[in-house]
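# Structure assessment
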Protein chains: 2
Amino acid sequence: MATEFDFIHWLRRQIDSTSRVIIGPGDDCAVISRPSGLQLLTTDMLMDGTDFRVNEVNPELIGRKAMAVNLSDIAAMAGRPTSALISVALPKGESTITLAEGLFRGMKAIADEFDCPIIGGDTNTWTGPLVINVAMTGEPTGSGPVLRSGAKPGDWLFVTGPLGNSLARGSHFTFTPRIREAIAFHHLINLHAMIDISDGLASEALHIARESGCGVELLMNQIPPADGATPAGALSDGEDFELLFAVSEIDAERVIQAKMAYHIGFCTNRDSILIDDSGRRHPLNATGWQHSFL
Amino acid sequence: MATEFDFIHWLRRQIDSTSRVIIGPGDDCAVISRPSGLQLLTTDMLMDGTDFRVNEVNPELIGRKAMAVNLSDIAAMAGRPTSALISVALPKGESTITLAEGLFRGMKAIADEFDCPIIGGDTNTWTGPLVINVAMTGEPTGSGPVLRSGAKPGDWLFVTGPLGNSLARGSHFTFTPRIREAIAFHHLINLHAMIDISDGLASEALHIARESGCGVELLMNQIPPADGATPAGALSDGEDFELLFAVSEIDAERVIQAKMAYHIGFCTNRDSILIDDSGRRHPLNATGWQHSFL
């Protein structure tokens, strides 16, 4: 189980689908059926040393990120958040109270921005490093949840913003979850598939390809680099939390005319590739491209 | 913020109640309003060294406990579980896969027992100790969620099983969440207030007293000790995960006649006390009684 992805596949084999579970593990959110309609559910755990360094950053930014990554999962399905539950394991010490209050203020500010009430949680102290978990519910908008699995060969791929260098820029703390954009797009065009970019564009594009049973073709010179990002970074750095989505060619024209997002590639019925600035084609893998082929 | 309780009070002051949030932080579950009715939500985080020792116990038991404590929160509101989301921070190492699979098997077995589908999660590895978070949704049964706040002076207090010594007995891993009992009681009698006993009977009785605006009177010689538990342990050891509930005197007769639960005290309109085996009265506090008064 080297990666989260392997575990998700293992999980899928273990879990009996029941009639209430519409979408189980493996998409941005799970989807369950309730008498009133569908509900989105997602959870993310952030750990000191992996997702942030508690000694190097304001607790409010850590709290903000813990909430925002869940909001981004809801956005990736074009959903609207409805409630959040927070759990924390706080390191014992003199600054425990200050830390807890800062975390909560950061969580609450971004949750408020998207009308998502924090309804409960579980607070613990321990001798280990800071761990924060947020679980979030949401409701679909428009015609329902947008999955990873609906892309078709011939679709055009777009991203909602520049990519790369998020750790150096600090944007993995300060990014705005694309809730509003996703809901607007979902009303204006037919989103075939969508995902949020947490592990890097190449990796997320391959998730859409795998779930949709198609290939993707990424155009290196059209991927918009964020400030200070290299082209390779724009392709494979993580934690941008922009959205990647696939639409028909007709809808693609509307997206381009309205300057709603950046066109960065296509869905195909071939193996997934990257086309570099010189027009050369390279097999695409989750960390970018296979350097041995260059 | 010495205790979880203090943080809950601080949280309550921060959180704006919205019309969708029926019960926010401070009860066993949060309750939100949806078009189809009320939904219960709860979350619990378990950490190595606090809630279990990863080197001393089978991973399946750890996973079982992580799921069961959430089921117990749903039980405390007489709810029925509907879905679970799991998050783990797994220590990196040779046994990571074995650990993850064992945890999952333990979680799935007890979730299956209560028809609760595991619908998604977040899997991480890190250099820190094992942390597991479960977030769970549920639906109310019968006349709706049973809160902590509905007890009245004159009510009788009951517990669903013997208490104390759960760490030595290992029952904090193997307990059966009282989902079935709670739903049955909720149909048979009018449960004024209910809570699950995670922090010890004395502490939980005081929660009911505080939330209900009454006092409690616990009868030391009627508290059923579990195997190997001292009377003090039955009163204040934690992690029994039995239910404590308050009913009217008329319903109390039915509970006693049907041998549904153990009568252990009353609700009053006075300060909370413990009555010892000799009939002496002692002020009750969360860790048992105030020894200085003995």
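Coordinates for the structure precede this section.
Below or above, wherever it landed, is the structure these notes cover. Everything numeric in this text was worked out from a predicted model, so none of it was measured.

### Topic: the relation of the copies chain B and chain A
- Placing chain B over chain A gives an RMSD of 0.0 Å and needs a rotation angle of 180 degrees, together with 0.0 Å of translation along the axis. The transformation just described matches what one would write down for a two-fold rotation axis. By C-alpha distance to the rotation axis, the residue of chain B lying nearest is Ser36(B), at 2.4 Å.
- Here 100% of the contact residues of chain B are again contact residues in chain A; the copies associate through an equivalent surface.

### Examining the side chain of Asp122(A)
- In this fold, Asp122(A) is placed in strand E5 (residues 118-126).
- Among the polar contacts made by the side chain of Asp122(A), one reaches the main-chain amide nitrogen of Met45(B) at a distance of 2.7 Å.

### Re the sheet that holds strand E1 (residues 21-23) of chain A
Residue and element names in this part refer to chain A.
- Taken in spatial order, the six strands make up an open sheet running E1-E2-E3-E6-E4-E5, and their pairing is mixed. The sheet is open, and its two edges are formed by E1 and E5, each paired on a single side. Within the sheet, the average angular offset between the axes of one strand and its neighbour, ignoring direction, is 25 degrees.
- Across the face of the sheet, helix H3 (residues 96-113) comes into contact with strand E4 (79-91), E5 and strand E6 (131-140) while running at roughly 170 degrees to E4.

### Regarding helix H6 (residues 179-188) of chain A
Residue and element names in this part refer to chain A.
- Within H6, the full set of buried residues consists of Ile179, Ala182, Ile183, Phe185 and His186. Summarising the axial view, the buried residues of H6 lie within an arc of 165 degrees, below the 170-degree limit, and thus occupy one face.
- At its buried positions, H6 is contacted by helix H2 (59-75), E4, strand E8 (193-196) and strand E10 (243-247).

### So, the pattern of salt bridges
- Taken as a whole and judged by the stated rule, the model has 26 salt bridges over all chains.
- Across the pair Glu60(B) and Arg105(B) runs a salt bridge whose closest N-O atoms are separated by 3.2 Å. With Glu60(B) in helix H2 (residues 59-75) and Arg105(B) in helix H3 (residues 96-113), this residue pair connects regions lying 45 residues apart in the sequence.
- The closest approach of N and O atoms between Arg180(B) and Glu113(B), which form a salt bridge, is 3.3 Å. One end of the pair, Arg180(B), is in helix H6 (residues 179-188); the other, Glu113(B), is in helix H3, with 67 residues separating them in the sequence.
- For Glu113(B), a relative accessible area of 40% puts it in the partly exposed group.
- Three or more residues joined by partner-sharing salt bridges are found here, namely Asp27(A), Asp28(A) and Arg148(A).

Rules of the game
- Residues numbered from 1 in each chain as written.
- Chains lettered and ligands numbered in written order.
- Predicted model: local features only at pLDDT ≥ 70, side-chain atom pairs only at ≥ 80, totals over all residues.
- Heavy atoms only, no water.
- Least-squares fit on C-alpha atoms with pLDDT ≥ 70 in both.
- Contact = heavy atoms within 4.5 Å.
- Helix = DSSP H or I, 4+ residues; strand = E, 2+ residues; numbered from the N terminus.
- Polar contact = N/O pair within 3.5 Å; in protein donor to acceptor, adjacent residues only side chain to side chain.
- Pairing = 2+ DSSP bridges.
- Axes fitted to C-alpha atoms, helices over the stretch in contact; angles between N-to-C directions.
- Buried < 20%, exposed > 50% of the residue type's maximum accessible area, 1.4 Å probe, protein only.
- Arc of directions from axis to C-beta.
- Salt bridge = Lys/Arg side-chain N within 4 Å of Asp/Glu carboxyl O.

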